[in-house]
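Spelled out from the first residue to the last, the chains are:
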Amino acid sequence: MIRKAKNPGNTDIYYLFALFFIITFGYFFWFGDYVLFFQEKQSLLIFSREYLEEYFIKPGGLLELAGEFLTRFYINPANGALILSVILILPGTILFKTNRRLFSDQSYTLLFLMIPSILLLLMQTHYYHSMEYNLGYILVLLYFLITTVQNKKQSRYIALALFPFVYYLVGAYIWIFLVMFILYSLLYEKGKVRYVYPAVLMGIGGITLLVFKALLFFQPLDQLFQYPLPLVADPRHSIIFYLLTGYLVLYPLLGKTSLLLRLKKKYARAVSLVSVLIAFAITILILSKLYNPQTNRVLQLQKYVFEKQWNEAIELHETAPSRNLIGQYFYNIALSETDQLCDRLFFGRQDFGAKSLILPWGNKHLSRGAYFYYATGLINEAHRWAYEDMVVNGYRPQNLKLLVKTNLINGNYRMAEKQINMLEKSFNYRSWAKKYESLLYHPKRVQSHPELGEKIKLLPNEDFFIQLNNPQNNIPLLLNANQTNRKAFEYKVAWLMLNKNIEATVKQIKQMKELGYTEIPRHVEEAALAYSNSTGELPELGGLKISRERRQHFGKYVSSYSNVRKDPSLGEEYMRTQFGKTFWFYFHFK
């Protein structure tokens, strides 16, 4: 018995899939994990009838639901990278099966199979490229495979009759299939059916569109033609989207071209392999260019703050500083929550002055701005920010968690219970919700809670109107309403220092002993010594003392600064090395 020799090209593609898997997994596990974190936090999948039925009332909704479900696994970077790696390989595997059925001589190059997966990988590096976008392309290719492999006319018509159902599943991705199939029929079918099949499909498509618009879903036409395509507002992502869509639409033509450009058998395998390896090398190079370490740091800082890993957030910014406003804002939040705001403020980069202490009101910062108010005890304002974030952006883990906390602090147990119930029906936050459920209707438990109890102590003792346009003005108002609020006090002092207002800064020292300070915070000492150097006398210290260490350090600073004063630009790097973590350096060189 003679065995049929295996096609070595088949083995090659499996090795290439394995290599692509390694590249994808490695990128999203070690470098692009910030994309996974961001996307997991962008929404909350709640397993309730009221919530889930929203996905069933529009074409493409179930595709979005499937993407949301898979995104829940992103909470673990290894699981997220694994799922993404498998998903991104699927377009290539489907095309591999498609080509084996369509092109019996297998003259196509392996590169043709890998291009969709490569382009999807590049698109996935954008943190707004959702899982549903990958699934849309996969299902379209799968439907194309199912329809084209049917040899009998009856089976082909049955496959085409599934168009309305597939349209309901994938939404606007169906139009990619429609053009692919029409082009396939015109190029590969023979006789009258090459025109009959496209006519039947267009007829089914037109009727489906009318029924969906006027009878079933009442969606506007632009929604039926666009949702849920990956129309991300980013030029690079848009270019790749159009390249990928155009490539798939023309794929039948590319397959036909590959038949015309057959290589000799002895060269075909080598050319295919080399072309894919070159494409992989280019992909890795592009990935390195698309990787944004600053975005990574900002989102890592955000992750640490969301998870209350304050020390990790502080260490990250001080060792790998963020140059982004949001990153520095979260660093300052971490300092405040650990009572180090006036001791370590200048240990990390401060490039935005006082703007990095409080984010302005607006949709851009809705998901982040509440943390300043929560840190300082303005719980009602933190609640308002979290609620507005929920209204504008939908249910997210963080806005619901913050609403639970603020409602518990304010004694709004019924609302807290409602939000806890939502989290209990989620995929990743049930255990968190269970812990806070035990606090419901138990004021004493809330007061003794290590986090919530401390926030209660910061609450204002009298009401006042919040100022939205000048949020820094809320700090003295809060201090007037609760004079023992040290966190608000330190934000006030930090605001003055970041604005380089030395005189106003040192005037705050006399209040510190009454607030429980046993020593003057490091950077306030530095401001006091700078004040003394310019006025010839120390400010009122309220019974506290400036440390000997700080006096000695200031003497060295004055000496060094005098040496470089004639040309500060020449000595800035030296001063940064020796005194970069001081208020003095910030005052003179920022």
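For clarity, every value in this text was computed on a predicted model and none was experimentally measured.

Undergrad: Can you walk me through the pattern of salt bridges in this structure?
TA: Note that side chains of opposite charge can pair when their charged atoms are close. For the structure on display, the rule yields 22 salt bridges. For Glu 189, the salt bridge goes to Arg 156, with nearest N and O atoms at 2.8 Å. One end of the pair, Glu 189, is in the loop between α10 (174-188) and α11 (193-216); the other, Arg 156, is in helix α8 (residues 153-161), and 33 residues separate them in sequence. Between Asp 351 and Lys 590 there is a salt bridge, and its shortest N-O distance comes to 3.1 Å.

Undergrad: Looking at this structure, how should I read helix α13 (residues 235-249)?
TA: Every α-helical turn comprises 3.6 residues, leaving residues that sit three or four positions apart pointing alike. If you check α13, its first and last C-alpha atoms are 21 Å apart, about what 15 residues at 1.5 Å a residue would give, namely 21 Å. Capping the start of α13, Asp 234 holds a side-chain oxygen 3.1 Å from the backbone nitrogen of Arg 236, two or three residues further along.

Undergrad: What am I meant to see in a nonpolar patch on the surface here?
TA: Taken together, the side chains of Val 274, Ile 278, Ile 282 and Ile 286 define a hydrophobic patch exposed on the protein surface, amounting to about 320 Å² of accessible area. Relative to the helices and strands, Ile 286 is located in helix α15 (residues 265-290).

Undergrad: Before we go on, may I ask you to explain the nonpolar core in this structure?
TA: In globular proteins that are soluble, nonpolar side chains generally tend to be buried together. Grouped together as the largest cluster of nonpolar side chains are 187 residues, with contacts concentrated most on Phe 163, Tyr 173, Ile 174, Phe 177 and Leu 408. Ignoring any residue separated from it by four or fewer positions in sequence, one finds Phe 177 in contact with Val 140, Tyr 143, Phe 144, Thr 147, Leu 160, Phe 163 and Leu 201.

Undergrad: Can you walk me through helix α27 (residues 474-481) in this structure?
TA: Taken together, the buried positions of α27 are occupied by Asn 474, Ile 475, Leu 478, Leu 479 and Ala 481. Across the axial projection of α27, the buried residues extend over an arc of 160 degrees, all falling on one side. Against α20 (370-376), α26 (452-458) and α28 (486-498) lie the buried residues of α27.

Undergrad: Looking at this model, I keep getting lost on the packing of helix α4 (residues 61-71) against helix α9 (residues 163-170). Mind explaining?
TA: For the pair α4 and α9, interaxial distance at closest approach is 4 Å and the crossing angle is 45 degrees. On the basis of their axis angle, the class for α4 and α9 is oblique. Residues Gly 61, Leu 62 and Leu 63 of α4 form the contact with α9, whose participating residues are Tyr 168, Leu 169 and Val 170. Each residue belonging to the contact of α4 with α9 can be placed in one class, and the counts come to five nonpolar, one polar and no charged.

Undergrad: Would you take a moment to explain the side chain of Gln 398 for this structure?
TA: By the element assignment, Gln 398 lies in helix α22 (residues 397-410). Not counting residues within four places of it along the chain, the set of residues in contact with Gln 398 comprises Lys 41, Phe 306 and Tyr 371.

Undergrad: Any chance you could explain the environment of Ile 46 here in plain terms?
TA: Within the element layout of this structure, Ile 46 appears in the loop between α2 (33-41) and α3 (49-52). What makes Ile 46 buried here is its relative accessible area of 3%. Each C-alpha atom, one on Ile 46 and one on Phe 69, is 9.9 Å from the other, the two residues being 23 residues apart in sequence. Leave out the neighbours within four places in its chain, and Ile 46 touches Tyr 51, Leu 52, Tyr 395, Met 422 and Lys 425.

Undergrad: What's the story with the confidence of the model for the protein in this structure? I'm lost.
TA: Parts of the model with low pLDDT should not have their predicted coordinates read in detail. Of the residues in the protein, 94% reach a pLDDT of 70 or more, and the chain-wide mean stands at 93. Under a pLDDT of 50 for its full length, residues 1-5 has, in the predicted model, zero contacts with residues more than four places off or in other chains.

Undergrad: Honestly, the domain arrangement of the protein in this entry has me stumped. Any pointers?
TA: Many analyses report the size of an interface as the accessible area lost when the parts associate. Assigned domains within the protein: domain 1 (10-291) and domain 2 (500-589). Computed over C-alpha atoms only, the centres of domain 1 and domain 2 are separated by 60 Å.

Basis of the calculations
- Residues numbered from 1 in each chain as written.
- Predicted model: local features only at pLDDT ≥ 70, side-chain atom pairs only at ≥ 80, totals over all residues.
- Heavy atoms only, no water.
- Salt bridge = Lys/Arg side-chain N within 4 Å of Asp/Glu carboxyl O.
- Helix = DSSP H or I, 4+ residues; strand = E, 2+ residues; numbered from the N terminus.
- Expected span 1.5 Å × (residues − 1).
- Polar contact = N/O pair within 3.5 Å; in protein donor to acceptor, adjacent residues only side chain to side chain.
- Patch = residues over 30% accessible without salt bridge, like charges linked within 9 Å, V, L, I, M, F, W, Y side chains within 5 Å.
- Areas by Shrake-Rupley, 256 points an atom, 1.4 Å probe, with all protein chains shown as cover.
- Core = buried A, V, L, I, M, F, W, Y, C linked by side-chain atoms within 4.5 Å.
- Buried < 20%, exposed > 50% of the residue type's maximum accessible area, 1.4 Å probe, protein only.
- Contact = heavy atoms within 4.5 Å.
- Arc of directions from axis to C-beta.
- Axes fitted to C-alpha atoms, helices over the stretch in contact; angles between N-to-C directions.
- Parallel < 35°, antiparallel > 145°, perpendicular 65-115°, else oblique.
- Nonpolar A, V, L, I, M, F, W, Y, C, P; charged D, E, K, R; others polar.
- pLDDT = per-residue confidence, 0-100.
- Domains from an automatic or database assignment.

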